[in-house]
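# Structural features, examined
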Amino acid sequence: MNKFVCLSLLFVTFLFLANVVSAQHWFKGNLHTHSLWSDGDDYPEMIMDWYKANGYQFVGLSDHNVIQEVEKWVNVPRQQDRRRTFDRYLRTFGPDWVKYQKGPNDSLKVRLKQLSEYRSYFEESGKFLIIKSEEVSTSYQGKPIHLNVTNVQNLIRPQFGNSVAEVMQNNIDLVVAQRRQTRQPMFPHINHPNFYWSIKAQDLMQLRYERFFEVFNGHPLVNNYGDSAREGTESMWDKINGHFLRQGRPLMYGLGTDDSHHYYFFGPTFSNSGRAWVMVDAPELTPRALIESMEAGRFYASSGVTLKQLPQVGNTLVVRVKPEPTVTYRIQFFGVRKGKEQSELLREVADTNATFALADDVLLARARIVSSKTKYNPFMPGDVETAWTQPIAQNVVPQPLANVVPLPNAHAHNDYEQSRPLWDALDNGFTSIEADVYLLNDTLYVAHERPTIRTSAQTLENLYLKPLAERIRQQNGNVLAGYNGPFYLMIDAKTQADSTYQALTKLLLRYRTQLQIGSSSKNSGPVTVVLSGNRPVTTVAKAKDKLITLDGRPADLGKKYSLAVMPIISDAYQNQLSWRGKGEMPATELQKLRQLVERVHQEGKKLRLWASPEDPVVWAKLREAGVDFISTDQQELVRDFLLK
């Protein structure tokens with residue numbers, strides 16, 4: 001081999017390794033922190049200054065039931081330590097920045113800076129980010145129940161309920177509603193479940209839309225490790241995820257947080273910074289990228305141990321520790337075996353590298369990496385630096401619910417945004433479901449916005465086609481037991497029409513036995529695929545082997561498209577009607593709607609209006625006029641409405 005070829009190979013190898021390294025961008029962050037805006041003992045700027053100086057790239061300053069966007073002055077007590085805290089703040093930022101008032105009897109008031117005022121002082125693109133956050137704090141029968149909202153946009157007022165689980169769910173639902181309304185990424189996470197032993201695993205198992213909880217919290221009163229009678233958060237974590245998998249729910253991920261309140265006094269009786277954090281592998285330092293990465297499980301929690309790479313690789317955990325001199329490590333793999341609820345230690349390796357692949361009898365697994373290095377200012381005396389990977393799991397298809405009533409008029413809009421994509425719709429009896437898809441690198445991903453993070457769990461095949469095929473097998477050829485009518489899988493193409501259609505056709509060929517193809521009775525598969533969004537209408541109309549039909553528009557009426565080509569006509573509600581359910585529906589709008597229904601039905605097609613008001617009053621008028629589908633994100637509400 002000549003010298004030129006050798007140098008070329010070395011250069012290619014260098015580029016490959018450089019790309020591997022650059023493919024993972026690690027950002028260190030804390031999502032649970034307090035200031036004088038609630039019950040912390042220091043000023044927001046001082047707290048941000050500490051985190052930035054100590055190697056963090058993002059922080060969520062999450063004060064109780066408040067967002068830092070109102071006018072607030074705090075009294076500074078005459079206690080020596082509180083006055084010293086103020087003096088330090090004044091020295092650090094100067095009298096032109098710090099606004100305060102001195103009064104009689106040595107009284108002192110300070111105006112707290114709002115987030116919008118101080119964030120530009122600290123934030124640097126790609127280096128440091130402050131995420132707008134809130135700790136929603138409520139209770140049930142004296143038990144404190146707290147959850148954080150990361151990247152909250154508007155204040156969420158704490159809700160109550162008739163049980164611990166209901167209180168949590170009522171607040172989570174407000175977060176989900178705000179996310180959908182604002183179209184901004186955000187997520188709730190359950191804080192310190194063992195704080196005064198308030199939240200049990202059984203409470204967390206009941207939750208919908210909850211993907212995160214604190215497996216480790218640095219506050220001295222949160223009982224991370226449990227006691228002789230009550231389980232710790234790690235045991236709870238495995239039990240919850242075993243239950244979630246059997247229910248067909250996404251996994252719950254574990255966070256490490258400071259929950260810091262005290263910045264002047266230090267020790268095991270105080271809640272200090274630096275006790276735990278998350279390391280997120282994200283393409284960039286923005287709220288959207290961080291949240292999408294965390295929702296994809298691309299992070300780990302740590303109290304000091306650093307990993308070289310993302311541990312989750314498909315159905316394998318690959319742990320590579322970035323070792324420190326003289327420090328030893330134990331990599332422990334915990335998991336839940338099929339048929340069991342409690343987790344167990346499956347394997348332990350005294351090394352900096354270890355791999356664990358899911359065996360057929362293991363439902364889920366995660367890793368805990370324990371070092372020999374004593375934790376500085378620990379949560380509890382004797383703690384050593386540790387890290388926790390996120391779990392990996394088998395694909396589990398839940399058993400069908402009994403006595404589900406099929407609803408021929410129910411369409412699940414944005415089904416993938418439900419707590420259990422697909423299964424929620426089927427358990428509520430919906431016979432039409434919809435998913436937005438993006439074609440990226442020859443793979444169809446399900447998402448409302450173009451995804452920056454792409455995992456196999458997000459693909460159309462794994463979210464819908466494979467599970468539907470298994471459910472059809474379970475139900476002896478039907479999607480819903482005893483229902484022989486059409487079942488629609490609507491694909492809203494967000495990317496270029498022709499390429500998306502070609503990729504979808506190629507994918508559907510693997511599932512053609514489950515599909516209704518054309519209108520021939522010999523093609524008896526129960527699923528009719530309907531392409532919406534960007535549609536290559538002419539291409540689909542001319543296709544001979546019609547794996548895919550079209551979601552039509554009112555402008556397509558009268559163009560002689562057969563039912564095999566276009567079984568449904570859809571339009572935005574606002575394009576047809578302005579009535580939102582208040583007062584009587586104007587007679588002119590009702591007449592207009594009935595005329596559209598008549599035109600659609602004359603061609604044997606079905607009518608759907610998307611983005612209609614989520615209001616039974618509106619739904620009643622749509623049904624009265626003959627609209628075929630109620631399109632909704634509120635599945636249980638529509639189910640109850642249609643079953644009346």
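Further up the page is the structure itself.
What you see is a predicted model, and the numbers here were worked out from it, not measured in a lab. (Residues numbered from 1 in each chain as written. Predicted model: local features only at pLDDT ≥ 70, side-chain atom pairs only at ≥ 80, totals over all residues. Heavy atoms only, no water.)

We now examine helix H14 (residues 587–602). Because an α-helix completes one turn every 3.6 residues, residues spaced three or four positions apart along the sequence face the same direction. For H14, with 16 residues, the first-to-last C-alpha span of 22 Å sits near the 22 Å given by 1.5 Å per residue. For H14, the set of buried residues is Glu589, Leu590, Leu593, Leu596, Val597 and Val600. Down the axis of H14, the smallest arc covering the buried residues is 125°, so these residues share one side. Among the exposed residues of H14, those oriented more than 90 degrees off its buried face are Ala587, Thr588 and Gln602. (Helix = DSSP H or I, 4+ residues; strand = E, 2+ residues; numbered from the N terminus. Expected span 1.5 Å × (residues − 1). Buried < 20%, exposed > 50% of the residue type's maximum accessible area, 1.4 Å probe, protein only. Arc of directions from axis to C-beta.)

We now examine the packing of helix H15 (residues 616–625) against helix H16 (residues 635–642). The N-to-C vectors of H15 and H16 enclose an angle of 50°; their axes lie 11 Å apart at closest approach. One finds that H15 runs oblique with respect to H16. Viewed along their axes, H15 and H16 form a crossing whose handedness is right-handed. Contacts between H15 and H16 involve Pro616, Trp619, Ala620 and Arg623 on the former and, on the latter, Leu637, Val638, Phe641 and Leu642. Considering only residue class, the contact of H15 with H16 consists of 7 nonpolar, no polar and 1 charged. (Axes fitted to C-alpha atoms, helices over the stretch in contact; angles between N-to-C directions. Parallel < 35°, antiparallel > 145°, perpendicular 65-115°, else oblique. Left-handed = near helix turned anticlockwise from the far one by under 90°. Contact = heavy atoms within 4.5 Å. Nonpolar A, V, L, I, M, F, W, Y, C, P; charged D, E, K, R; others polar.)

On to the sheet that holds strand E3 (residues 73–75), then. With respect to topology, 3 strands assemble into an open sheet ordered E3-E5-E4, the strand pairing being antiparallel. The open sheet has two free edges, formed respectively by E3 and strand E4 (100–102), since each of these has just one partner strand. Across the sheet, the mean angle from the axis of one strand to that of its neighbour is 20°, orientation sign disregarded. The sheet contact formed by E4 and strand E5 (residues 108–111) spans 3 bridges and is antiparallel. In the sheet register, Tyr100 faces E5, and the bridge partner there is Val110. In this fold helix H3 (residues 80–93) packs onto E4 and E5, with an angle of close to 45° to the strand it touches most, E5. (Pairing = 2+ DSSP bridges.)

Now for helix H2 (residues 44–53). Those residues of H2 that sit buried are Pro44, Glu45, Met46, Ile47, Met48 and Tyr51. Where H2 is buried, its residues contact strand E1 (26–33), strand E2 (58–61), H3, helix H4 (115–122) and strand E6 (129–140). Within two residues after H2, Gly55 carries a phi angle of roughly 85°, on the positive side.

What follows concerns the packing of aromatic side chains. All chains considered together, the criterion is met by 28 aromatic pairs. Both rings, one in Phe216 and one in Phe379, keep their centres 5.5 Å apart while their planes meet at 70°; by these two values the pair is edge-to-face. Here the residue Phe216 occupies a position in strand E9 (residues 212–217), and Phe379 occupies one in the loop between strand E18 (362–374) and strand E19 (384–388), the gap between them amounting to 163 residues. We note that Phe216, like Phe379, is buried. (Phe/Tyr/Trp six-rings, centres within 6.5 Å; stacked < 30°, edge-to-face > 60°.)

Following the criterion strictly, the structure yields 39 salt bridges and no others. Of the charged contacts, one joins Arg366 and Asp238 as a salt bridge, the two residues approaching to 2.7 Å between their closest N and O atoms. Of the two residues, Arg366 sits in strand E18 while Asp238 sits in helix H7 (residues 233–246), which places them 128 residues apart along the sequence. Each of the two residues, Arg366 as well as Asp238, counts as buried. Each of Glu234, Asp238, Arg366 and Arg368 takes part in a single network of salt bridges with overlapping partners. (Salt bridge = Lys/Arg side-chain N within 4 Å of Asp/Glu carboxyl O.)

A few words on the nonpolar core. Residues Leu460, Tyr464, Leu504 and Leu622 are the most contacted members of the largest nonpolar core, which totals 68 residues. Ranked by residues supplied to this core, first place goes to helix H10 (residues 460–474) with 6 residues. Non-local contacts of Leu460, meaning those with residues more than four positions away in its chain, are made with Val437, Leu444, Val446, Leu465, Ile491, Leu504 and Leu507. With 51 residues, the next largest nonpolar core counts Phe93, Leu112, Val319 and Leu358 among its residues. (Core = buried A, V, L, I, M, F, W, Y, C linked by side-chain atoms within 4.5 Å.)

As defined by bridge partners, E3 adjoins E5 across 3 bridges and the pair is classed as antiparallel. Residue pairing for E5: Asn75 is matched across the bridge by Lys109. Where E4 hands over to E5, the hairpin turn is made up of 5 residues, of which Asn105 adopts a positive phi near 60°.

Backbone geometry places Asn65, a non-glycine residue, at a positive phi of 55°. Looking at the element boundaries, Asn65 is found in the loop between E2 and E3. The phi dihedral of Tyr209 is positive, around 70°, even though this residue is not glycine.

Attention shifts here to the environment of Tyr253. Checked against the element boundaries, Tyr253 lands in strand E10 (residues 253–257). In this structure, the C-alpha to C-alpha distance between Tyr253 and Trp388, residues 135 residues apart in sequence, is 10 Å.

Locating Asp498 in the fold gives a position in helix H11 (residues 497–508). A sequence separation of 42 residues divides Asp498 from Val540, and the C-alpha atoms of the two residues are 9.6 Å apart. Excluding its chain neighbours within four sequence positions, the residues that come into contact with Asp498 are Pro536 and Thr539.

A two-sided burial pattern is seen for E2, the buried positions comprising Phe58 and Gly60 on one face and Val59 and Leu61 on the other. In this structure, E1 lies alongside E2, joined through 3 bridges in parallel fashion. Its bridge partner being in E2, Gly29 is matched across the sheet by Phe58. Crossover E1 to E2 through H2 is right-handed. With 4 bridges connecting them, E2 and E6 associate as parallel partners. Its bridge partner being in E6, Val59 is matched across the sheet by Ile130. (Right-handed = clockwise from strand over helix to strand, strands pointing away.)

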